[in-house]
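Here's the letter readout for the chains.
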Amino acid sequence: MSACVPLLDEVLKQAAVGQPYFDGAESAWLAQLRQGERAVLAREGLPDRHNEAWKYTSLRALAQQRFIIGDSEAGQRPVPETELHLPGVDGPRIVFVHGVFRADLSSLQEMPAGLEVTTLGQVLSTGAASLRSWMERPIADGAAAFERMNLVMATDGVSLRVKAGFHIEAPVHLLYLGIDTDAKLAWHTRAHIELQAGAELSLVEHYAGSSQSEQFATVVSEIRMHEDARLQLTQIQHATEAVTLVRHEHFHLAPRAHVGMHTIELGGALVRHEIETLLEGEGAIFDTCGLFAPQARQHVDIRLDIRHQARDTRSSATWRGIADQRGHGVFHGGIVIERGADGADARLHNKNLLLSDRAEIDTQPVLEIYADEVQAAHGATVGQINEQALFYLRSRGLPLAEARRLLMVAFCREILDGIFPQSLQEYLAERLIKHLPLSMQG
Amino acid sequence: MSNESATRIRTKPALSGVVNEAIDRRYGAGFVTDIETDSLPPGLNEAIIRAISARKQEPEWMTEWRLQAYRHWLKMTMPDWAKLSVAPIDLQSISYYAAPKQQPKSLDEVDPKLLETFDKLGVPLHERARLAGVAVDAVFDSVSVGTTFRKDLAEVGVIFCSMSEAIREHPDLVRKYLGTVVPVGDNYFAALNSAVFSDGSFVFIPKGVRCPMELSTYFRINAGHTGQFERTMIIAEAGAYVSYLEGCTAPMRDENQLHAAVVELVVMERAEIKYSTVQNWYPGDEEGRGGIYNFVTKRGDCRGDDSKLTWTQVETGSAITWKYPSCILRGDRSIGQFYSVALTHHRQQADTGTKMIHLGKHTKSKIVSKGISAGRSSNSYRGLVKVARGAQGARNHTQCDSLLIGKQCGAHTFPYIEVKNPTATIEHEATTSKISDEQMFYCRSRGIGEEDAVSLIVDGFCRQVFRELPMEFAVEAKKLLEVSLEGAVG
């Protein structure tokens, strides 16, 4: 570990003191787990660019920052009503402000049958064994420093469970907010989501807020899918451009479980989003679609790590990137087909638009195959708006800016089209257009 | 849209017969020539490097250059990023210099046993060389023993000699280019090579000259415990053209042998270099014992506008291959190409690919990589396509296909695409050939047996690469693959 890493020093200092986590429900095993991971974190430090997993994302600037960990006022901060709603997302709402659960902003009165929503603190105080085994899942080497940091520092989180056989119709809204404050805040939170056998859930995970002061946040989600469970997950990230956001999702899929995932990454200053999926059961299916669009000085790093471990598992990944101005987009699409995962079918495609001579795209589709009788394909492209298509539209009387906008939305259409609920599709298309600096090129 | 990188992997279960036979094929070129070698004691230090330099009667600057590389190397560690499992290499137990005792002055004086060795390998020396129309600078262990067709080449001003000779007779040329493409501290193995390189080939094609024949070097590692540290350099001046062939084969050995070669190519305005390799070094036995460690740094610098560089490789040998022939596309409108077939079986490991660095305007690159893995081998493609900020209008097309034969092998693809210029464009789409049920069914329905069909399809799978090889090499490459498939049929 290098001599001076303020970001890490603060974490280690606070973790050493020990503080009430999860509503004071700290148990002995958790304290021990955290101290152990703290020691590893202190030893390994933050990954540098010699680490393959961090080759294109430098943490040097972030590491030099000093944040105040945790917000003591998070429970009282006012949030405008408009921040709490998404069109068509009308199921139960779970709201976190700076990683702290806000019962007053959440809407959990009319709970559909079969759905259980609690905070991790509550689960811990009842001594749930499953949670312990989830949290004790081994964390990888030095590349996973933020996953480790989250385990050591998380102060709260949500536990969401759908009981066997229940289908939750209305989409559940899980909202993470960063509010404008005077201080530079850091917050860490977790989500544990379990769909029991045959359960179905539609979940909208949503990152938003108004923070103009710098913030640093980590969110780790553990998602366990039992046999025949189905999850429709929509992720919308439009945090302000003052926020550094590191997310890690860890999926476990039992036989015939199915996850369909749509991700829209618009906000953030430095965004790192890791999606790790274990297809453990025969016939499990994982589909992911996503869009990232770094503009201005945004840096967005998407990392997929999909492991086929059982027979006849399927995965597909379709991701689009648009980098403009000084935006830097990084995409790593890793697919591993392990020995014995015969009949696996894996597809990954990443297309990118590079629109400015100051922007950069680095893409890395990786295949590791240890089984035969499999089908795997990946492709990646980097290019620009098709000049002929642009010419065609202009020859039909469309102004340049309008034509560009049309083609850009068309480029993203494949991602937007599958989003659930449908009402979000137009909302997100509009947000996307606002996000892209199209007018500057018109 | 552009900068295409596409991979497809698909396999079929019904290949077990083919697999077993392919795996069981014996290494045809495994024999040891019994010649006394005059080696330096094992070990690596400044004294050894000075001794190598002294024996080769090198000028002072060359000795200093080697020492500079050595001091660089001391500060470096062996890279571990490749998907390879490498047993620790004891570099102090290697003898860094081995030369045949009799120093021949002409071909007639060459040790007949040596000629016999080349004969077994089919090196066209003597009349055979003339008949084949190929000039051969045959490297036996570390010192060049015979060079033919020098006179024919000299008439048009082409220099084709051993590196040691070039250092003695063309010191200014060597000094001007040595280490300018692969600097002494480039990487661990390149630095080691720079410190201890024994010999290699030197080719200089003067301005406007089209080399009248294909140049060829056969390397052969012979003495046990000697690492082979070849240093090859080809310079094509403005408007020059040369096609260079490199073929490798080594005798059976129980211990791992290290080979860390460096190849530097310089391509000036409108010049073209075609560099072709057929690599068939001893891959180790069924259990992975023995076999060559092949850690090679090959790089070409397209310095001039409109220059062109083509790497073609057929890699079937070596226990471990770590090799990324690269093109630095510096000149405007320069073109880089990479065609590769890599076949691994038993416990062979290959981590190979290319780097295309687009720096100049309107540069183009093309990558075609075919990986075939069988047995318990591991075969990885690792390639970098980098478009620098100023590389206006750069184009790249990459296609890498893998064929898996058997349940215990691995085929991996690690492309890196880094683009900083928004005008990078490509319109070509990747195509794939693979053993599909349809292909097999079609062949079988035409009365072709299963094994024949597989051999036919694999040949088709590699054809795109074979087509790029000079005729002599295409024959050898095809034969190499056939040998592995022949057993499968019978």
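Residues numbered from 1 in each chain as written. Chains lettered and ligands numbered in written order. Predicted model: local features only at pLDDT ≥ 70, side-chain atom pairs only at ≥ 80, totals over all residues. Heavy atoms only, no water.

S.K.: Describe in detail the overall build of chain B, supporting the description with residues and values.
M.R.: Helix and strand content of chain B: twelve helices and 24 strands. Once local pairs closer than 6 in sequence are excluded, the contacts in chain B between residues at least 24 apart make up 84%. (Helix = DSSP H or I, 4+ residues; strand = E, 2+ residues; numbered from the N terminus. Contact = heavy atoms within 4.5 Å.)

S.K.: For the overall build of chain A, give the residues involved together with the corresponding values.
M.R.: Along the backbone of chain A there are nine helices and 20 strands. Scaling as 2.2 N^0.38, a compact globule of 442 residues should have a C-alpha radius of gyration of about 22 Å, and chain A matches this with 21 Å. Relative to its full complement of 442 residues, chain A shows a buried share of 62%. Taking as baseline every contact in chain A between residues at least 6 positions apart, the subset at least 24 positions apart corresponds to 85%. Accessible area of chain A: about 16,200 Å², with a carbon and sulfur share of 49%. When the 41 positive and 57 negative side-chain charges of chain A are each reduced to one mean point, those points stand 4 Å apart. (Rg over C-alpha atoms; globule rule 2.2 N^0.38 Å. Buried < 20%, exposed > 50% of the residue type's maximum accessible area, 1.4 Å probe, protein only. Areas by Shrake-Rupley, 256 points an atom, 1.4 Å probe, with all protein chains shown as cover. Lys, Arg positive; Asp, Glu negative; His and termini not counted. Charge placed at Lys NZ, Arg CZ, Asp CG, Glu CD.)

S.K.: Can you explain the interface of chain A and chain B? Please cite residues and give values.
M.R.: Listed per partner, the contact involves 38 residues of chain A and 36 residues of chain B. Of the roughly 3,100 Å² buried at the junction of chain A and chain B (both faces included), carbon and sulfur atoms supply 48%. Counting the surface chain A buries against chain B, the share from its top three residues, Asp372, Val382 and Gln384 of chain A, is 17%. With a closest N to O distance of 3.6 Å, Lys420 of chain B and Glu360 of chain A form a salt bridge. In this assembly, chain A and chain B are joined by 14 residue pairs in polar contact (both at pLDDT 80 or more). At the level of elements, strand S18 (345-354), strand S19 (360-369) and strand S20 (375-383) of chain A are the ones that each hand at least two residues to the side of chain A that touches chain B. By residue number, the principal contributor to the side of chain A that touches chain B is S19 of chain A, which donates ten residues. The residue inventory of the side of chain A that touches chain B, partitioned by class, reads 18 nonpolar, nine polar and eleven charged. Looking at chain direction, S19 of chain A and strand S24 (residues 410-419) of chain B are connected through six bridges and run antiparallel. Of the residues in S24 of chain B, the one forming a bridge with Glu368 of chain A is His412 of chain B. (Buried area = accessible area lost by both parts, 1.4 Å probe. Salt bridge = Lys/Arg side-chain N within 4 Å of Asp/Glu carboxyl O. Polar contact = N/O pair within 3.5 Å; in protein donor to acceptor, adjacent residues only side chain to side chain. Nonpolar A, V, L, I, M, F, W, Y, C, P; charged D, E, K, R; others polar. Pairing = 2+ DSSP bridges.)

S.K.: I'd love a proper account of a positive patch on the surface, names of residues and values included.
M.R.: A grouping of Arg297, Arg326 and Arg358 of chain A together with Arg389 of chain B is seen on the molecular surface, where their side chains present a positively charged patch. With respect to the element layout, Arg297 of chain A can be found in the loop between strand S14 (285-292) and strand S15 (299-308). On the accessibility criterion, Arg297 of chain A (63% relative accessible area) is exposed. (Patch = residues over 30% accessible without salt bridge, like charges linked within 9 Å, V, L, I, M, F, W, Y side chains within 5 Å.)

S.K.: Kindly report on the environment of Asp180 of chain A, identifying the contributing residues and their values.
M.R.: All names here are of chain A. Inspection of the secondary structure puts Asp180 in the loop between strand S6 (172-178) and strand S7 (185-195). Between the C-alpha atoms of Asp180 and Glu430, which are 250 residues apart in sequence, the distance is 24 Å. Filtering out sequence-adjacent residues up to four positions away, Asp180 remains in contact with Ser210, Ser211, Gln212 and Ser213. A distance of 2.8 Å separates a polar atom in the side chain of Asp180 from the backbone nitrogen of Gln212.

S.K.: How would you summarise the packing of helix H2 (residues 46-55) of chain B against helix H3 (residues 60-74) of chain B if you had to cite specific residues and measurements?
M.R.: Pairs of packed helices are described in terms of their axes, by the angle between the two and the distance that separates them. Residue and element names in this part refer to chain B. Where H2 contacts H3, the two axes come as close as 10 Å, and the packing angle between them is 150°. Put simply, H2 runs roughly antiparallel to H3. The handedness of the crossing between H2 and H3 comes out as right-handed. Counted together, Glu46, Ile49, Arg50, Ile52 and Ser53 of H2 and Thr63, Glu64, Arg66, Leu67, Tyr70 and Arg71 of H3 form the full contact between these two elements. Residue composition of the contact of H2 with H3, by class: four nonpolar, two polar and five charged. (Axes fitted to C-alpha atoms, helices over the stretch in contact; angles between N-to-C directions. Parallel < 35°, antiparallel > 145°, perpendicular 65-115°, else oblique. Left-handed = near helix turned anticlockwise from the far one by under 90°.)

S.K.: Any chance you could break down the environment of Met213 of chain B for me, citing the residues and the numbers?
M.R.: All names here are of chain B. Residue placement: Met213 occurs in the loop between strand S7 (201-205) and strand S8 (215-220). A relative accessible area of 13% places Met213 in the buried class. Sequence-wise, Met213 and Tyr244 are 31 residues apart; in three dimensions their C-alpha atoms are separated by 9.3 Å.

S.K.: Please provide a residue-by-residue account of the side chain of Ser373 of chain B, values included.
M.R.: Residues and elements named next belong to chain B. Residue position: Ser373 is located in strand S21 (residues 364-374). Separated by 3.4 Å, the side chain of Ser373 and the backbone oxygen of Gly410 make a polar contact. Beyond its immediate chain neighbours, meaning those up to four positions away, Ser373 contacts Thr344, Asn379, Leu403, Leu404, Ile405, Cys409, Gly410 and Ala411.

S.K.: Summarise unusual backbone geometry; cite the residues concerned and give the values.
M.R.: In the segment running from Phe420 of chain A into Pro421 of chain A, the intervening peptide bond is cis, with an omega of -5°. Among the structural elements, Pro421 of chain A can be located in the loop between helix H8 (400-417) and helix H9 (423-435). Positive phi outside glycine occurs at Asp312 of chain A, with the angle close to 55°. According to the relative accessible area criterion, Asp312 of chain A is partly exposed, its value standing at 38%. At Arg270 of chain B, a residue that is not glycine, the phi angle is positive and equals roughly 55°. Along the polypeptide, Arg270 of chain B turns up in the loop between strand S12 (262-267) and strand S13 (272-280).

S.K.: Could you give an account of the pattern of salt bridges, naming the residues involved and the relevant values?
M.R.: Residues and elements named next belong to chain A. All chains considered together, the criterion is met by 42 salt bridges over all chains. Note that Arg77 is salt-bridged to Asp71, the shortest N-O span being 2.6 Å. Take Arg77 and Asp71: they sit in the same class, and that class is buried. A salt bridge links Glu116 to Lys163; the nearest nitrogen and oxygen atoms lie 3.4 Å apart. One end of the pair, Glu116, is in strand S4 (residues 115-119); the other, Lys163, is in the loop between strand S5 (156-162) and S6, with 47 residues separating them in the sequence. On the basis of relative accessible area, Glu116 is assigned to the partly exposed category, the value being 29%. Overlapping salt bridges, with partners in common, bring together Arg137, Glu147, Arg190, Glu222 and Arg224 in one network.

S.K.: Explain the confidence of the model for chain B to me, and be specific about the residues and the numbers.
M.R.: Residue and element names in this part refer to chain B. Averaged over every residue, the pLDDT of chain B is 76; the share at 70 or more is 73%. Note that residues 1-24 has pLDDT below 50 and, in this model, 105 contacts with residues that lie over four places away or in other chains. Counted against residues more than four places away or in other chains, residues 101-105, with its pLDDT under 50, gives nine contacts. (pLDDT = per-residue confidence, 0-100.)

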